[in-house]
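# Observations on chain architecture
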Amino acid sequence: MTTNPPPNYLPGDIGYVLFSTALVWIMIPGIGFFYSGMARSKNALSLIMLSMLSIALVSFQWWAIGFSLTFSKTANKYSGNFRNVFFINVKNEPSITSHKIPDLVFAIYQSMFAAITPALVIGAAAERARILPTIIFILVWTTLVYDTIACWTWNPNGWANKMGTLDFAGGTPVHIASGSAALAYSMILGKRHGYRTDEFKPHNVAHVVLGCALLWFGWFGFNGGSALGANSRAAMAFTVTNLAASVGGLTWMFLDYRLERKFSALSFCSGAIAGLVTITPGAGFVSAQYSVVFGLLGGFLCNFAAKLKDILEFDDALDVFAVHAVGGIVGNLLTGVFAQRSMATIDGDLSNDIRGGWLEGNWQQIGYQAANSFAGFTYSFCATYIILIIINRIPGLKLRVNKEAEYVGLDESQCGEVAHQMIENLVFVDPKRNSDSDTQDEPKIFMREEILTQVHQIHPSQNGDANSNDSVKIFSEQSFY
């Protein structure tokens, strides 16, 4: 009896992909911090919590059914089957997309892509979406939308893959799918209370910078790891990823500087993410000089796309549509223009050979890229819209919190915890304190309840509402520094 020899994998390739898996994992809490910093403080914790829930929920879904629906080796043009549910037969055989690593390594790596995508979507629903329906949405959406688009894009049996679409690391399955879903989510939920009348400013730009740093760092595993081996193609993916992010950040920052004459950290971080999104589909197909174009156009076009919500009157709270949908489409089309055969096979693996892009005489590639972009956007938007309508009509799963809960904030109303407990202790100094003497009183610390008690004595028109944030505002503005 003869047995087939075990596949000859290189430990370096396996170790590299496993390390890249960890890099992509760290991107997901990075999204949480990025979104948290952009939101108001009363909703900060809920966004970090939802990003962590996305890891847990999708990790389970991917093991149970997601991997099989996406990367089954007997998939049809649109979806996989149940051949690999619960990771059955996912062991040491070569993976479906590369002979360099085994199925199990590829499966855990791709699970991070599946987990990060719904985490991106929920940014559009920030500050008004209930957590329980969001949990249901993450599971359903990943199964019906992400798995399907990822299958037709990356599975060798998928229609877009067979057509010749080039998508190195997720322009359509991750970014266009999440951005279009975010648009649908924001439309279904409606605008936040106070939209266009209240001030919605980021409460912690330092969190935005931290989230950007984690995302930028993890994106080396996102794009570089998609080479599925420690090789020259991975090194080039690292190079173009870093360069596109840098150019995108500078582009967005200087575009905003022309208006405000300020060098905004928020603008730089937004542009860096836009550059990273734009280079994602082309990271394994273009060289460094072209990545500058990806970063420049990504930062420029996503910056202007962020203004569409004001023109079209939808409340995409954290600009998920502008950065991810628009950035993904721009990246897909630019890949169709600049894709290079020499970059696809830079590591000497001729199985990765392509026909190149428009600049190498393959003008049809732009059509392939546009077709997959349009299909991914349309399917994700329509499916998300229908999924949300159905969930919203199920008793107990109403998508949006009530007005009172939104006013209090999702941290308190949905999590029962707050991100910044120290806000409950406010320090005010009496402006009349011995200003003409050499003696300076110590600042007095007032608890929230003490402040409100004194407010109602000063402003009885508050009708005894001991929870009125307006009372605190009146007290702080009129009575203390």
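These notes cover the structure that comes with them.

The rules we used
Residues numbered from 1 in each chain as written. Predicted model: local features only at pLDDT ≥ 70, side-chain atom pairs only at ≥ 80, totals over all residues. Heavy atoms only, no water. Helix = DSSP H or I, 4+ residues; strand = E, 2+ residues; numbered from the N terminus. Buried < 20%, exposed > 50% of the residue type's maximum accessible area, 1.4 Å probe, protein only. Patch = residues over 30% accessible without salt bridge, like charges linked within 9 Å, V, L, I, M, F, W, Y side chains within 5 Å. Areas by Shrake-Rupley, 256 points an atom, 1.4 Å probe, with all protein chains shown as cover. Salt bridge = Lys/Arg side-chain N within 4 Å of Asp/Glu carboxyl O. Axes fitted to C-alpha atoms, helices over the stretch in contact; angles between N-to-C directions. Parallel < 35°, antiparallel > 145°, perpendicular 65-115°, else oblique. Left-handed = near helix turned anticlockwise from the far one by under 90°. Contact = heavy atoms within 4.5 Å. Nonpolar A, V, L, I, M, F, W, Y, C, P; charged D, E, K, R; others polar. Expected span 1.5 Å × (residues − 1). Core = buried A, V, L, I, M, F, W, Y, C linked by side-chain atoms within 4.5 Å. Disulfide = S-S within 2.5 Å. Polar contact = N/O pair within 3.5 Å; in protein donor to acceptor, adjacent residues only side chain to side chain.

## Concerning the overall build of the protein
- Check the secondary structure of the protein and you find 18 helices and two strands.
- Residues classed as buried in the protein amount to 54% of the 481 residues present.

## Let's talk about a nonpolar patch on the surface
- Taken together, the side chains of Phe 60, Trp 63, Phe 86 and Ile 88 present a nonpolar region at the surface, about 420 Å² in accessible area.
- Relative to the elements of secondary structure, Ile 88 occurs in the loop between α2 (44–71) and α3 (103–121).

## With respect to the packing of helix α7 (residues 205–224) against helix α8 (residues 232–260)
- α8 packs onto α7 with a crossing angle of 140° between their chain directions and a minimal axis gap of 9 Å. Regarding the angle of α7 to α8, the classification is oblique. Note on packing geometry: the crossing formed by α7 with α8 is right-handed. Seen from α7, the contacting residues are Trp 216, Trp 219, Phe 220, Asn 223 and Gly 224; seen from α8, they are Ala 234, Ala 237, Phe 238, Thr 241, Asn 242, Ala 245 and Ser 246.
- Looking at the contact of α7 with α8 residue by residue, the class counts come to seven nonpolar, five polar and no charged.

## A look at α2
- In this model, α2 (28 residues) spans only 36 Å end to end at C-alpha, well below the 40 Å of a helix rising 1.5 Å per residue.
- Where burial is concerned, most of α2 is hidden: 20 out of the 28 residues are buried.

## Here we look at the nonpolar core
- Residues Phe 34, Trp 141, Tyr 146 and Phe 222 are the most contacted members of the largest nonpolar core, which totals 117 residues.
- When residues of this core are assigned to their parent elements, the largest contribution, 12 residues, is made by α3.
- Setting aside anything within four residues of it in sequence, one finds Phe 222 in contact with Val 24, Met 27, Tyr 109, Phe 113, Ile 116, Ala 169, Val 174, His 175 and Thr 280.

## Some words on the state of the cysteines
- Scanning all chains against the criterion turns up zero disulfides.
- Cys 212 takes part in no disulfide bond, and the closest cysteine sulfur to it belongs to Cys 269, at a distance of 3.8 Å.
- The exposure class of Cys 269 is buried, given its relative accessible area of 3%.

## Notes on the environment of His 175
- Looking at the secondary structure, you find His 175 in helix α6 (residues 171–189).
- Along the primary structure His 175 and Phe 321 are separated by 146 residues, whereas in three dimensions their C-alpha atoms are 8.9 Å apart.

## Thoughts on the environment of Gln 289
- With respect to the helices and strands, the residue Gln 289 is situated in helix α10 (residues 288–305).
- Each C-alpha atom of the pair Gln 289 and Val 240 lies 8.3 Å from the other, and the pair is 49 residues apart in sequence.
- A polar atom in the side chain of Gln 289 sits 3.0 Å from the side chain of Ser 287.

## Let's talk about unusual backbone geometry
- At Glu 313, a residue that is not glycine, the phi angle is positive and equals roughly 60°.
- With respect to the helices and strands, the residue Glu 313 is situated in the loop between α11 (308–312) and α12 (320–338).
- The phi dihedral of Asp 319 is positive, around 60°, even though this residue is not glycine.
- With respect to the helices and strands, the residue Asp 319 is situated in the loop between α11 and α12.
- On the accessibility criterion, Asp 319 (18% relative accessible area) is buried.

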